[in-house]
Amino acid sequence: MAEPLKVAYSPCPNDTFVFHAWAHGLVPGADAPEVTFADIDLTNGMAERGELDLLKISYGQLPWVLRDYALLPCGGALGRGCGPLVLTAGERDPAALAGRTVAVPSERSTAYLLFRLWAAKAVPGGFGKIVVLPFHEIMPAVRDGRVDAGLVIHEARFTYQRYGLHSLADMGEAWELETGLPIPLGAIVARRSLGTERLRELAATIRSSVVLAWDDPAASRDYVLAHAQEMDPEVADRHIGLYVNEFTAALGEEGYAAVRALLTRAAAEGLAPAVDPGALAF
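Not measured: the values here are computed from a predicted model.

Our focus in this paragraph is the overall build of the protein chain. When you go through the protein chain residue by residue, the secondary structure sums to twelve helices and eleven strands. For 282 residues, the compact-globule formula gives about 19 Å, and the C-alpha radius of gyration of the protein chain, at 18 Å, lands near that figure. The C-alpha extent of the protein chain, read off along each of the three principal axes, is 60 × 40 × 30 Å. Each of the 282 residues in the protein chain was classed as buried or not, and the buried ones make up 55%. Within the structure as shown, the protein chain displays about 12000 Å² of accessible surface, and the carbon and sulfur contribution to it stands at 49%.

If you look at the biggest cluster of nonpolar residues, it comprises 90 residues, and the most contacted ones within it are W22, L54, L62, F115 and W118. When residues in this core are grouped by element, the largest group, eight residues, is from helix α4 (residues 110-122). The residues contacting F115, other than those within four sequence positions of it, are V86, V102, F127, I130, L151 and M171. Residues L87, A103, L133 and I138 belong to the second largest nonpolar core, which totals 13 residues.

Relative orientation of the contacting elements α4 and helix α12 (residues 252-268) amounts to 55°, with a least axis distance of 11 Å. Of the possible angle classes, the one that applies to α4 and α12 is oblique. Crossing handedness for the pair α4 and α12: left-handed. Residues T110, L113, L114 and L117 of α4 lie in contact with α12, whose contacting residues are L262, R265 and A266.

A few words now on empty space enclosed by the protein. On inspection of all chains with the given rule, the structure shows two cavities of 30 Å³ or more. Roughly 230 Å³ of internal volume is contained in the largest cavity. Contributing elements (two or more residues each) for the lining of the largest cavity: α1 (13-23), α2 (40-49), β3 (54-58), α4 and β11 (183-191). Among the residues forming the lining of the largest cavity, the class breakdown is eleven nonpolar, nine polar and two charged.

Conventions adopted
Residues numbered from 1 in each chain as written. Predicted model: local features only at pLDDT ≥ 70, side-chain atom pairs only at ≥ 80, totals over all residues. Heavy atoms only, no water. Helix = DSSP H or I, 4+ residues; strand = E, 2+ residues; numbered from the N terminus. Rg over C-alpha atoms; globule rule 2.2 N^0.38 Å. Buried < 20%, exposed > 50% of the residue type's maximum accessible area, 1.4 Å probe, protein only. Areas by Shrake-Rupley, 256 points an atom, 1.4 Å probe, with all protein chains shown as cover. Core = buried A, V, L, I, M, F, W, Y, C linked by side-chain atoms within 4.5 Å. Contact = heavy atoms within 4.5 Å. Axes fitted to C-alpha atoms, helices over the stretch in contact; angles between N-to-C directions. Parallel < 35°, antiparallel > 145°, perpendicular 65-115°, else oblique. Left-handed = near helix turned anticlockwise from the far one by under 90°. 1 Å grid on protein atoms, 1.4 Å probe; cavity = no way out; pocket = protein on both sides within 12 Å on 5 of 7 lines; lining within 4 Å. Points joined across faces, edges and corners; volume = space filled by probe spheres on them. Nonpolar A, V, L, I, M, F, W, Y, C, P; charged D, E, K, R; others polar.

Here is the structure:
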């Protein structure tokens, strides 16, 4: 019997919702994988070290891993109105971030790339120290004054007011106004060494898992809430509704255009290595 595929994704509701059916052997003809749960900064590192077969990583990490991993056309997170936020405990002038300490979830994330692109225009003189924290620790750090601002993702869009924080800027809003494209956040990548036929099978499996989740949302509910770090069920539902959309089922032309735009801008600003657009296909 073949060894199960080793995969990693976050415990966030959108990922557990998307992968529930596959992880539980409910996709016809597809064996259940061996799952590791890890936040995005950890999965980015796993991919760079080539540790697992299939991972959910940030699109901002793609330039460093595309030699060994192929981008799959489904299962990831792109969308509109779902971008990262810069939060403060009260400061409302972006220029005041100059020289300040900012907590971020990863320095190889889409959130960080969008933040750097925004800050190049909005923060004269540049920000100061960058501190990488697990995303669920960022809002408490801002609230408690351990950092001056925090770059947050995921369900923090719905909960930051509970910490008494203010949204200084919406990175996704800035991106959409400038490009007209959806925001490419999380990508699904798989080892190129698996071969083209196997990669296509995996894409079909993930797409089936997405469709099964949409067809019967209640089936994944216990799995979602068990890994959602004590998240309120209503927040989990809003999280899924925002991050699981048509781009999750298929990137399509617009999705690929968004990814190319992000990577092209990042390379132009010296934030990431240049990527041959052909490397996004397999």
